[in-house]
Amino acid sequence: MRLLPLLLLATAACTPLDTSFQKPDTDEPVDTGGDDTDTTPVDTADTDGDLDDDGFTPEEGDCDDADVRVAPGRPEDDDDGKDNDCDGRTDEEWSGFSVGRVDSDGVGSIIVLDTIGRDDDTITLASGCYPLWLDHLGEGYVVNADYASVATVDASGACTTIADFSDAEVYEYGVWGIATQIDGTVLAVTLGTLESIATDGTMTTLATWTLDFEVPANHEFAANGVAVDPATGEVGLFDYFGGFGTWTADGGLVVHRKGDYENPTLYTTSGAHRDGGGWYTQGTDAMTGAAGIYRFDLDAGDWALEEAWDASSDWSPQQVAIDGDSGDWYLTANVGGIFPTVFRIVEGSGYAADFFRISTDYAGDFYGITTNYTYGG
Ligand SMILES: [Ca+2]
Ligand SMILES: [Ca+2]
Ligand SMILES: [Ca+2]
Ligand SMILES: [Ca+2]
């Protein structure tokens, strides 16, 4: 038996470039305590900024650089209490989508779909309350109820207004996209402002920008969609005419692309953040009417086409959500003015597949869509 050489070989293979004894890294605190209870290998040499040697530095998205079981793209273990894939959610498993519908009688509802497009549940909303945009909030939902108010929705479908945008003197264009921020407040856009709404109704304006439909040169953009990166809280602001901005608490608003309503290139109505990075929208080419999935290229300052598919001219996309596991895109749309449909766009497929459809005579429309997760093993 030659156990000793094998052990030495294995040890050497683990740390072939470990020069920490010769050259301590002054960037990192030196462990002088002599306790050997640490179970995570720590690269005290820190020659590459990746302390746990999982291939990612904190700058590259490692949200725990002392734990090799935590890194971007790792499979999520739903029972270890860690955010293994660094998407801002802990122990999550993608479970489908919730979709907002307004039927042909004007009744609003939220339909809960599982991962293969079966409807698990339908919550019928109170009269006059619509799921034009929706997101999760606590155990229930928050909706843009009618372009003039934001309301919470409980399991019975009762709606409680938490913010009123009906004063046209203040909110000329009402309220549009909404999204739940990671601190549990609700974000809403009024085309020209980003508002934060606490569940007690307290409203704070986080950002304003120039909205000028008279003088195009003054105009920045008109945000009608808003989304949140759940890992960082960064906010994406989507403009109907192809503009795009981001907002952070520290850095404030950055307008990456102005919305050119005189010469639009792309029409969008909502957007979403994809796990692992990137802001996406379902867009309609302003010239050809072709539908596609676009990613905002922050370096180029413009939208880049990611996926395109054949869509009939009467195919009108509404909103987009993203499967947190595969990254596939799901769109609400209305086809032919008749069929409310959820389409699945698989990366690289080049086509839009039916995921869920209500196919009776005129059946109303789908509007908001949000991704669902279950938590814990
Ligand atoms: Ca790392
Ligand atoms: Ca790590
Ligand atoms: Ca996670
Ligand atoms: Ca986990």
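Draft legend 1. Structural view of the coordination of the calcium ion (ligand 4). For the calcium ion (ligand 4), the full set of protein donor atoms is Glu76 (OE), Asp77 (O), Asp80 (OD), Lys82 (O), Asn84 (OD1) and Asp91 (OD), and the range of their distances to it is 2.2 to 2.4 Å. Because the angles between the six donor atoms bound to the calcium ion (ligand 4) fall within 73 to 174 degrees, the donor set is best described as octahedral. Within one chain, the residues serving as donors to the calcium ion (ligand 4) are arranged as E-D-x2-D-x1-K-x1-N-x6-D. Residue class for asparagine 84 comes out buried when judged on its relative accessible area of 2%. When its relative accessible area of 11% is taken as the criterion, aspartate 91 is described as buried.

Draft legend 2. Spatial organisation of the coordination of the calcium ion (ligand 1). Looking at the calcium ion (ligand 1), one finds its protein donor set to be Asp50 (OD), Asp52 (OD), Asp54 (OD), Phe56 (O), Asp62 (OD) and Asp65 (OD), positioned 2.2 to 2.4 Å from the metal centre. Each of the six donor atoms around the calcium ion (ligand 1) contributes to a set of angles spanning 82 to 177 degrees, which defines the coordination as octahedral. The metal-metal distance between the calcium ion (ligand 1) and the calcium ion (ligand 2) comes to 4.0 Å, with aspartate 52 coordinating both. Judged by relative accessible area, phenylalanine 56 falls into the partly exposed class, the value being 27%. A residue is classified by how much of its surface remains accessible, and aspartate 65, at 12% relative accessible area, is buried.

So, how was this worked out
- Residues numbered from 1 in each chain as written.
- Chains lettered and ligands numbered in written order.
- Predicted model: local features only at pLDDT ≥ 70, side-chain atom pairs only at ≥ 80, totals over all residues.
- Heavy atoms only, no water.
- Donors = N, O, S within 2.8 Å, 3.2 Å for Na, K, Ca; no water.
- Tetrahedral: all angles 85-135°; square planar, octahedral: opposite > 155°, others 65-115°.
- Buried < 20%, exposed > 50% of the residue type's maximum accessible area, 1.4 Å probe, protein only.

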